[in-house]
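What follows is the residue order along each chain.
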Amino acid sequence: MYIKALVLDNFKSFGRKTKIPFYEDFTVVTGPNGSGKSNIIDAVLFALGLARTRGIRAEKLTDLIYNPGHEDGDRSAGPREATVEVVLDNSDETLTRSQVVNAAGSDDVGDVDEIRIRRRVKETEDNYYSYYYLNDRSVNLSDIQDLLAQAGVTPEGYNVVMQGDVTEIINMTPHARREIIDEIAGVAEFDAKKEDAFEE
Ligand code: ATP
Ligand code: MG
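This one's a predicted model, so the numbers in the text were calculated from it and none came from an experiment.

Enquirer: Which residues make up the overall build of the chain, and what values go with them?
Expert: Counting its secondary structure elements, the chain contains seven helices and six strands. Ordering the α and β elements of the chain from the N terminus gives β-β-α-α-β-α-β-β-β-α-α-α-α. Oriented by its inertia axes, the alpha-carbon framework of the chain measures out at about 55 × 45 × 35 Å. In the chain, the proportion of contacts linking residues at least 24 apart, taken out of those at least 6 apart, comes to 57%. Here the chain displays about 12600 Å² of accessible surface, and carbon together with sulfur accounts for 48% of that area.

So, in structure tokens, the structure goes:
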């Protein structure tokens, strides 16, 4: 399974609906400083619900909504919203149809060769709302997280390696570093289960 496209609409510097294709093996995004490269990564973190643990660059969720006056600290008037959709190529059936149906709570998920995870944040005058969709079905964040975990994508995992992560790993104590390797190798999960079992 891999990300085959990202659709940004009114997200951070992407004031227009923008579809970004990704390749299966390796995709590089280049561009001048401030052109929005890192905003693309923020979009992935936002849509997949990994934002809090992986350090998205925004204080509030509503800072992620496109704002033409962003540089001047102004804020546009009226209702505002942003949407990001991550299109996953699941043609290798990393996730089975029943896993997707389970997470969506509905049979009506279309062809699961393609899994689309969409998140929308909407700001009203005195509040904001966040919505998640799985193949157009409305779901909760936990549904998305449980589904992704079955494909090995977790908030604590290292599917996303942020700037500074590598230096941090180098500067860790050997024990802390070992924990990360266990996490990546999938051993940590069993250690936790073993500990639970001993406690019982
Ligand atoms: P660098 O090469 O320096 O890392 P980059 O390509 O990664 O740059 P980003 O950090 O992705 O650039 O983009 C920064 C730009 O996004 C800034 O110009 C900033 O004004 C703009 N930006 C951030 N949030 C918003 C927003 N809510 N609305 C409009 N523009 C925004
Ligand atoms: Mg950057």
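Enquirer: Could you give an account of the packing of aromatic side chains, naming the residues involved and the relevant values?
Expert: Under the defined criterion, the tally for this structure stands at one aromatic pair. Seen in terms of ring centroids, Phe11 and Phe46 are 5.4 Å apart; in terms of plane orientation they differ by 35 degrees. Their pairing is tilted. Residue Phe11 is found in the loop between strand S1 (2-9) and strand S2 (18-21), and its partner Phe46 is found in helix H1 (residues 37-47); the two are separated by 35 residues along the sequence. Comparing Phe11 with Phe46, the two get one shared label, buried. The residue whose ring lies beneath Arg118 is Tyr133, and the NZ or CZ to ring-centre distance is 4.5 Å. Lying across the ring of Tyr131, Arg120 places its NZ or CZ 4.5 Å from the centre.

Enquirer: Talk me through the layout of surface pockets; I want residue IDs and the actual numbers.
Expert: Put simply, the largest pocket is a space of about 820 Å³. Broken down by secondary-structure element, the contributors of at least two residues to the lining of the largest pocket are S1 and H1. Looking at the lining of the largest pocket element by element, the count peaks at seven residues for H1. Looking at the lining of the largest pocket residue by residue, the classes come out as 20 nonpolar, six polar and five charged. By volume, the second largest pocket amounts to about 430 Å³. Around the second largest pocket, the lining is made up of 17 residues, and of these Lys12, Ser13, Asn39, His70 and Glu71 lie nearest the centre. Split by residue class, the lining of the second largest pocket holds four nonpolar, eight polar and five charged.

Enquirer: Tell me about the domain arrangement of the chain, residues and numbers included.
Expert: Domains assigned within the chain are domain 1 (2-156) and domain 2 (164-200). The centre of domain 1, based on its C-alpha atoms, is set 27 Å off from the matching centre of domain 2.

Enquirer: Quick rundown of a nonpolar patch on the surface? Include the residues and the values.
Expert: Together, Val161, Val166 and Ile170 give the surface a local cluster of nonpolar side chains, amounting to about 290 Å² of exposed area. Here Val166 lies in helix H5 (residues 165-170).

Enquirer: Outline the pattern of salt bridges, supporting the account with residue identities and numerical values.
Expert: Per the counting criterion, the structure on display carries 13 salt bridges. Across the salt bridge formed by Lys12 and Asp42, the nearest N and O atoms sit 2.9 Å from each other. Linking Lys12 in the loop between S1 and S2 with Asp42 in helix H1, this pair joins segments that are 30 residues apart in sequence. Taken individually, Lys12 and Asp42 each receive the classification buried, so the pair is uniform in this respect. Taking the shortest distance from any N to any O, the salt bridge between Arg137 and Asp108 comes out at 3.1 Å. A residue pair is termed long-range when its members are at least 10 positions apart, and Arg137 in strand S6 (residues 137-139) and Asp108 in the loop between helix H3 (97-104) and strand S4 (114-123) qualify at 29 residues. Exposure remark for Asp108: the relative accessible area of 51% places this residue in the exposed category. Three or more residues joined by partner-sharing salt bridges are found here, namely Lys4, Glu85, Glu114, Arg116, Arg118 and Asp136.

Enquirer: Let's hear about the site of ligand 1: which residues, and what values?
Expert: In the vicinity of ligand 1, 17 residues are found, and the nearest of them are Gly34, Lys37, Ser38, Asn39 and Glu71. Asp63 is positioned with one of its backbone polar atoms (N or O) 3.0 Å from a nitrogen atom of ligand 1. A distance of 2.9 Å is found between a nitrogen atom of ligand 1 and a backbone nitrogen or oxygen belonging to Ile65. With the chains in place, 77% of the 660 Å² that ligand 1 exposes on its own is no longer accessible.

Rules of the game
Residues numbered from 1 in each chain as written. Chains lettered and ligands numbered in written order. Predicted model: local features only at pLDDT ≥ 70, side-chain atom pairs only at ≥ 80, totals over all residues. Heavy atoms only, no water. Helix = DSSP H or I, 4+ residues; strand = E, 2+ residues; numbered from the N terminus. Contact = heavy atoms within 4.5 Å. Areas by Shrake-Rupley, 256 points an atom, 1.4 Å probe, with all protein chains shown as cover. Phe/Tyr/Trp six-rings, centres within 6.5 Å; stacked < 30°, edge-to-face > 60°. Buried < 20%, exposed > 50% of the residue type's maximum accessible area, 1.4 Å probe, protein only. Lys NZ or Arg CZ within 6 Å of the ring centre and 35° of its normal. 1 Å grid on protein atoms, 1.4 Å probe; cavity = no way out; pocket = protein on both sides within 12 Å on 5 of 7 lines; lining within 4 Å. Points joined across faces, edges and corners; volume = space filled by probe spheres on them. Nonpolar A, V, L, I, M, F, W, Y, C, P; charged D, E, K, R; others polar. Domains from an automatic or database assignment. Patch = residues over 30% accessible without salt bridge, like charges linked within 9 Å, V, L, I, M, F, W, Y side chains within 5 Å. Salt bridge = Lys/Arg side-chain N within 4 Å of Asp/Glu carboxyl O. Near = heavy atom within 4 Å. Polar contact = N/O pair within 3.5 Å; in protein donor to acceptor, adjacent residues only side chain to side chain.

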